[in-house]
Amino acid sequence: AKKSNIYDYFIYDEALSHNLTQEEMMRKDLEKAVQNDEFIIYLQPQYELKKNKVTAYEALLRWNHEKYLSVSPSKYIQIAEENTLIHEVGQLVIDKTFQLLSNNKEISISLNVSPKQLLEPGFISELKDKAENYKIDPKQVSIEITETILVESFELVIEKLKLIKELGFQIHLDDFGTGYSSLKYVKDLPIDALKIDKQFIKEIENDEKARMIVETIINLGHHLNLKIIAEGVETVKQAAILNYLKCDYLQGYLIDKPKSAEIVIDTKYPKLDL
Ligand code: C2E
Ligand code: CA
Ligand code: CA
Ligand code: CA
């Protein structure tokens, strides 16, 4: 049998308690952050290949605090989802995004909605009221949902998404190809676009199988009348392959990193030479 080492316990214990306090601290800071309005929206451009220019943006949450600005929102979204904070965070993302849209009528923005948020009673009427209050056209807005939303309450989710679409908003299925992806979702959900996960895009240059899968997703989507957005596009070669495969939109560091909304909206992005 393996001899246990007293130092293993020590290190394990140390790390564990350290982690706990870090998470606890984040949870406390998160509550204050909501009260003190410490959240901001970064935008990342989406380049439309057919038009050869940036025509849309994804809103990505950032915590404007020296300790947390570089922390990925997936970390604190997860903590917020464990209690009711996610609703407040979700509402402020919608408010801030709609404010941007009301000042910039010619752009489109997609925003991430967490499963808990979508299933919260009243979410749809709040979306509708906010669109009216900010005087924006729902056509300017896409709601990004992930497949994890669908594991539970599939029928309820379909009903909600249909209502959201009836209001004029678009629906994008995020992180397509990972997790619980199922063709049933693509068949039954009222979606407008698929976002191919960056894990696949990363591999299309060197892995023929990954390239075939991406090609298949693009063709599948087009047969179903869906737009295709590739995320995590970092190189010209990836962009050239995606252009050849007739992908509709490119998103990734090649075009730009997510940055403060005002900067991104004012940036004139160059034409890609593919
Ligand atoms: P996501 O929706 O899949 O967002 C894409 C993530 O990929 C972003 O990470 C973005 O910064 C990153 N990314 C973009 N281009 C590239 C690239 O070329 N290479 C690589 N390696 N990464 C790239 P971020 O901003 O850290 O967000 C992480 C996740 O947090 C998001 O994943 C989304 O699930 C969640 N999230 C972000 N904002 C919100 C929000 O307002 N509400 C909710 N519910 N979730 C959000
Ligand atoms: Ca997203
Ligand atoms: Ca994604
Ligand atoms: Ca993701």
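All of the points below concern the structure found in this document. Since this is a predicted model, take the numbers as computed values, not measurements.

Re the overall build of the protein
The helix and strand inventory of the protein stands at 11 helices and 9 strands. Radius of gyration (C-alpha) of the protein: 20 Å, near the 19 Å computed for a compact globule of 274 residues. Dimensions of the protein, computed from C-alpha atoms along their principal axes, come out at roughly 60 × 50 × 40 Å. Looking at the 274 residues of the protein, the share that counts as buried comes to 47%. Across the protein, contacts joining residues at least 24 apart in sequence account for 68% of those joining residues at least 6 apart. Carbon together with sulfur atoms contributes 51% to the accessible area of the protein, which is approximately 15300 Å² in total. Both charge centroids of the protein, one from 35 positive and one from 45 negative side chains, sit 4 Å from each other.

Describing unusual backbone geometry
Its identity is not glycine, yet aspartate 175 carries a phi of approximately 55°, on the positive side. Among the secondary structure elements, aspartate 175 is positioned in strand S5 (residues 170–176). A positive phi angle, near 70°, is found at lysine 246, a position not held by glycine.

Thoughts on the coordination of the calcium ion (ligand 4)
On the protein side, the calcium ion (ligand 4) has Asp175 (OD) and Asp175 (OD) as donor atoms, found 2.8 to 3.1 Å from it. The metal-metal distance between the calcium ion (ligand 4) and the calcium ion (ligand 3) is 3.9 Å, with aspartate 175 coordinating both.

A word on the pairing of strand S1 (residues 39–48)
In terms of burial, S1 is largely enclosed, as 9 of its 10 residues are buried. Sheet analysis places S1 next to strand S2 (residues 53–63), joined by 10 bridges and oriented antiparallel. Within S2, the position partnered with isoleucine 40 by the bridge is arginine 62. As judged from the 2 bridges shared by S1 and strand S9 (residues 259–260), these two strands associate in the antiparallel manner.

Some words on the nonpolar core
Inside soluble globular proteins, nonpolar side chains tend to come together where they are buried. Core analysis: the biggest nonpolar cluster contains 78 residues, and Leu43, Phe98, Ile143, Ile164, Leu242 and Leu250 have the highest contact counts within it. Top element by residues in this core is helix H3 (residues 85–103). It accounts for 9 residues. Ignoring any residue separated from it by four or fewer positions in sequence, one finds phenylalanine 98 in contact with Leu111, Leu127, Lys130, Ala131, Tyr134, Ile136, Val141 and Phe169.

Brief notes about helix H9 (residues 208–223)
Note on helix geometry: an α-helix contains 3.6 residues per turn, so any two residues three or four positions apart are oriented the same way. When the terminal C-alpha atoms of H9 are compared, their 22 Å separation across 16 residues agrees well with the 22 Å that a helix rising 1.5 Å per residue should span. Where H9 is concerned, the buried positions are Ala210, Val214, Ile217, Ile218 and Gly221. End-on, the buried residues of H9 take up no more than an arc of 95°, which puts them together on one face. Residues of H9 that are exposed and point more than 90 degrees away from the buried face comprise Glu208, Lys209, Thr216 and His223. Where H9 is buried, its residues meet S5, strand S6 (193–196), helix H8 (198–203), strand S7 (227–231) and helix H10 (236–244). Where H9 begins, one side-chain oxygen reaches toward the backbone nitrogen of lysine 209, 2.9 Å away; that side chain belongs to aspartate 207. Trailing H9 by a residue or two, asparagine 225 shows a phi angle of about 70°, which is positive.

Focus on the packing of aromatic side chains
The relation between two aromatic rings is expressed through the spacing of the ring centres and the mutual angle of the planes. What the rule picks out here adds up to 6 aromatic pairs. Centre to centre, the rings of phenylalanine 39 and tryptophan 63 are 5.5 Å apart; their planes meet at 40°, and the pair counts as tilted. Of this pair, phenylalanine 39 sits in strand S1 while tryptophan 63 sits in strand S2, and the two are 24 residues apart along the sequence. Between phenylalanine 98 and tyrosine 134, the aromatic rings sit 6.3 Å apart at their centres with planes inclined by 85°, giving edge-to-face as the arrangement. Note that phenylalanine 98 is positioned in helix H3 and tyrosine 134 in the loop between helix H5 (123–133) and strand S4 (141–146), a separation of 36 residues in sequence. The class of phenylalanine 98 is buried, set by a relative accessible area of 0%. If you follow lysine 257 out to its NZ or CZ, it ends over the ring of tyrosine 253, 5.0 Å from the centre.

Some thoughts on the coordination of the calcium ion (ligand 2)
Protein coordination at the calcium ion (ligand 2) comes from Glu58 (OE), Asn112 (OD1), Glu144 (OE) and Asp174 (OD), with a distance range of 2.1 to 2.3 Å. Sequence spacing among the residues donating to the calcium ion (ligand 2) works out to E-x53-N-x31-E-x29-D. In this structure, the calcium ion (ligand 2) lies 4.0 Å away from the calcium ion (ligand 3), the two metals sharing aspartate 174 as a donor. Taken together, the residues span a long stretch of sequence, with asparagine 112 in strand S3 (residues 108–112) and glutamate 144 in strand S4 at a distance of 32 residues. Its relative accessible area of 1% is what places glutamate 144 among the buried residues.

Each value, and the rule that gives it
- Residues numbered from 1 in each chain as written.
- Chains lettered and ligands numbered in written order.
- Predicted model: local features only at pLDDT ≥ 70, side-chain atom pairs only at ≥ 80, totals over all residues.
- Heavy atoms only, no water.
- Helix = DSSP H or I, 4+ residues; strand = E, 2+ residues; numbered from the N terminus.
- Rg over C-alpha atoms; globule rule 2.2 N^0.38 Å.
- Buried < 20%, exposed > 50% of the residue type's maximum accessible area, 1.4 Å probe, protein only.
- Contact = heavy atoms within 4.5 Å.
- Areas by Shrake-Rupley, 256 points an atom, 1.4 Å probe, with all protein chains shown as cover.
- Lys, Arg positive; Asp, Glu negative; His and termini not counted.
- Charge placed at Lys NZ, Arg CZ, Asp CG, Glu CD.
- Donors = N, O, S within 2.8 Å, 3.2 Å for Na, K, Ca; no water.
- Pairing = 2+ DSSP bridges.
- Core = buried A, V, L, I, M, F, W, Y, C linked by side-chain atoms within 4.5 Å.
- Expected span 1.5 Å × (residues − 1).
- Arc of directions from axis to C-beta.
- Polar contact = N/O pair within 3.5 Å; in protein donor to acceptor, adjacent residues only side chain to side chain.
- Phe/Tyr/Trp six-rings, centres within 6.5 Å; stacked < 30°, edge-to-face > 60°.
- Lys NZ or Arg CZ within 6 Å of the ring centre and 35° of its normal.

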